[in-house]
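Secondary and tertiary structure notes
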Amino acid sequence: MPRTDATCRPGRPATAAVAGALLLALVPAGRAASRPGTEVTRRILRLATGQVEVVPLERYVAAVLPAEIGGNAPAAALEAQAVAARSYAVARLGRHADQGADLCDGVHCQVFLGLRRATPASIRAAEATAGLVLAIRGRVIAAPFCAVCGGRTARPSNVWDDEETPDLVPVEDDACRQAPGARWSFFLPRSSLGALGAELGLPDARFLEVFGHGDDGRVSALRLVAPGGRILVVRGFDFRAAASRLWGWGSVRSTDFDLAEQPRGYALTGRGTGHGAGLCQAGAIVRARRGESRDAILAHYYRGAEVVPLGSLGIDR
Ligand SMILES: [Zn+2]
Ligand SMILES: [Zn+2]
């Protein structure tokens, strides 16, 4: 499955605005991301224009923070997000190699609206964590993060198939339960089951039910039933993606939901917004306000990962 929900706003347009972007250089496809001995950079594919912008890694991190967690989040939350964003940018070097880039500027990778979007607080957070990354067994992890986990984080392997995403342990999160987006509801009319079935591969579906939960408590599978006893089992993530395509990302906002059949359709009541894996941005902000440190926040959401300097891993780009 492609990692189409890398951050946390599945419906957010991937074509980020380019106003204010500082275009440093255009590079031809295939050029190396950076050379040993030079400043560490990343090639960012600007989806709106197709241009590739080469940016220093640390300035990239400072510019990503406002788009991802907000430029004025408390320092410990900004710093935790900075370490996560840097880890992702290091682990995902060359993700868009086919397009001559490392990362794109949309939710597929990390939202980057241009270097000028950095704020004084985000620049301080990048500087305070310069070169620090999350690693497990000596390997930098492509640290996932999400808007609001809703009370418990997701196991990444229940969200993505790729081997680059670390299989983090789901953790309880009491910090985000009052956050906007922590609770949602959606009504799926019975008359829309056909459209959903068509999107998923069973066009005349008449019945829908939850068919399994992962060890993170999220819906891992649903079952669609059509006349004649024909059955289609789909993964929770695919169900949510199909609903997002049909009815927008604000419909099924996460795979952590209950589903109740009613005479006219199905009532979904859910928790959290986004894939739910890794650092919960709403929770991190609350934890920072409670006085938790950057490292305590990272240790909570990335259990088993260490915060280490890139240089200690022998990585220079
Ligand atoms: Zn991308
Ligand atoms: Zn949370």
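As a convention, each chain's residues are numbered from 1 in the sequence order in which they are written. Both sets of labels track the order of writing: A upward for chains, 1 upward for ligands. Predicted model: local features are reported for residues with pLDDT of at least 70 only, side-chain atom pairs are reported and counted for 80 or more only, and whole-chain, interface and lining totals are derived from all residues.

**Quick look at the overall build of the protein**
- The numbering of helices and of strands both runs from the N terminus, where a helix is a DSSP run of H or I of at least 4 residues and a strand a run of E of at least 2. Within the protein one finds seven helices and 14 strands.
- Counting all 317 residues of the protein, 50% fall into the buried class. Exposure classes come from backbone-placed C-beta atoms, where a residue is buried if 20 or more other C-beta atoms lie within 10 Å of its own, exposed if 12 or fewer do, and partly exposed in between.

**Some words on the sheet that holds strand S5 (residues 139–140)**
- In this analysis, strands are considered paired if DSSP registers two or more bridges between them. If you walk across this open sheet you meet the three strands as S5-S4-S14, and the pairing is antiparallel. Strand pairing shows two members of the sheet lacking a second neighbour, S5 and strand S14 (306–309), which therefore form its edges.
- Looking at chain direction, strand S4 (residues 132–136) and S14 are connected through four bridges and run antiparallel. Counterpart to Leu132 in the pairing with S14 is Pro309.

**Points about helix H7 (residues 294–301)**
- Residues of H7 that are buried: Arg294, Ile297, Leu298, His300 and Tyr301. Buried positions in H7, seen along its axis, are confined to an arc of 160° and lie on one side of it.
- A residue pair is marked as a contact if its C-beta atoms, positioned from the backbone, fall within 7 Å. Buried residues along H7 sit against helix H2 (75–91), S4, strand S13 (279–280), helix H6 (281–290) and S14. Think of the arc as the fan of directions from the helix axis to the C-beta atoms.

**Regarding the packing of H2 against H7**
- An axis is simply a line fitted to the C-alpha atoms; with a helix, the fit covers only the stretch in contact. Between two such axes, the angle follows the N-to-C directions and lies from 0 to 180 degrees. Contact geometry for H2 and H7: axes closest at 8 Å, N-to-C directions at 55°. Judged on the interaxial angle alone, H7 and H2 are oblique. Viewed along their axes, H2 and H7 form a crossing whose handedness is right-handed. Contacts from Ala76, Ala77, Glu79, Ala80 and Val83 in H2 reach Arg294, Ile297 and Leu298 in H7.
- Any residue outside Ala, Val, Leu, Ile, Met, Phe, Trp, Tyr, Cys, Pro, Asp, Glu, Lys and Arg is labelled polar, Gly included; the first ten of those are nonpolar and the last four are charged. Classifying every residue of the contact of H2 with H7 gives six nonpolar, no polar and two charged. Comment on the angle field: the value is read as roughly parallel under 35 degrees, roughly antiparallel over 145, roughly perpendicular from 65 to 115, and oblique elsewhere. In this scheme the crossing of two helices becomes right-handed for a clockwise turn of the near helix relative to the far one and left-handed for an anticlockwise turn of less than a right angle.

**Notes on the pairing of strand S11 (residues 257–262)**
- Note that S11 and strand S12 (residues 265–271) share six bridges and pair antiparallel. Its bridge partner being in S12, Ala260 is matched across the sheet by Ala267.
- Here S11 hands over to S12 after two residues, the two strands then running antiparallel side by side.

**Here we look at the sheet that holds strand S10 (residues 230–235)**
- Spatial ordering of the open sheet is given by S8-S9-S10, a layout of three strands whose pairing is antiparallel. The open sheet terminates on both sides in strands that have one partner only, identified here as strand S8 (207–213) and S10. Averaged over all pairs of adjacent strands, the angle between strand axes in this sheet comes to 25°, irrespective of strand direction.
- Sheet strands touched by helix H4 (residues 193–200): S8, strand S9 (219–226) and S10. Its angle to S9, the strand with the most contacts, is close to 110°.

**Describing the environment of Glu58**
- Along the polypeptide, Glu58 turns up in helix H1 (residues 57–68).
- Along the sequence, Glu58 and Gly131 sit 73 residues apart, while their C-alpha atoms lie 7.9 Å from each other.
- Other than its neighbours up to four places away in sequence, Glu58 contacts Ala126 and Ala130.

**Some details on the nonpolar core**
- One nonpolar core equals one set of buried Ala, Val, Leu, Ile, Met, Phe, Trp, Tyr and Cys residues connected by C-beta atoms within 7 Å. Ranked by size, the top nonpolar core spans 94 residues in total, and within it Val61, Ala77 and Leu134 carry the most contacts.
- The element contributing the most residues to this core is H2, with 12 residues.
- Looking at which domains feed residues into this core, each of domain 1 (41–146 + 279–313) and domain 2 (183–271) gives three or more.
- Not counting residues within four places of it along the chain, the set of residues in contact with Leu134 comprises Val83, Ala84, Ser87, Val140, Ile141, Ala143, Leu298, Tyr302, Ala305 and Val307. Note that the domain bounds reflect an automated or database-derived domain assignment.

**Details of the pairing of S8**
- Alignment of S8 against S9, held across six bridges, turns out to be antiparallel. Each bridged residue has a counterpart across the sheet, and for Glu209 the counterpart in S9 is Arg223.
- A loop of five residues connects S8 with S9, the two strands running antiparallel in sequence, and Gly217 in this loop sits at a positive phi of about 85°.

**Notes on the environment of Val52**
- When you line up the elements, Val52 lands in strand S2 (residues 52–56).
- Between the C-alpha atoms of Val52 and Cys104, which are 52 residues apart in sequence, the distance is 8.8 Å.

**Here's the deal with the confidence of the model for the protein**
- Per-residue confidence from the predictor is given as pLDDT, running between 0 and 100. Summary statistics for the protein give a mean pLDDT of 88 and a share of 87% for residues scoring 70 or more.
- Confidence drops under a pLDDT of 50 for residues 1–36, and excluding neighbours within four residues, the segment shows 93 contacts in the predicted structure.

**Things to note about the packing of H4 against helix H5 (residues 236–247)**
- Running from amino to carboxyl end, H4 crosses H5 at an angle of 120°, the nearest separation of the two axes being 10 Å. The pairing of H4 with H5 is recorded here as oblique in orientation. Once H4 is placed against H5, the crossing between them reads as right-handed. Residues Ala195, Leu196, Glu199 and Leu200 of H4 touch H5, and the partners they reach there are Asp238, Ala242, Ala243, Arg245 and Leu246.
- A class-by-class count of the residues in the contact of H4 with H5 yields six nonpolar, no polar and three charged.

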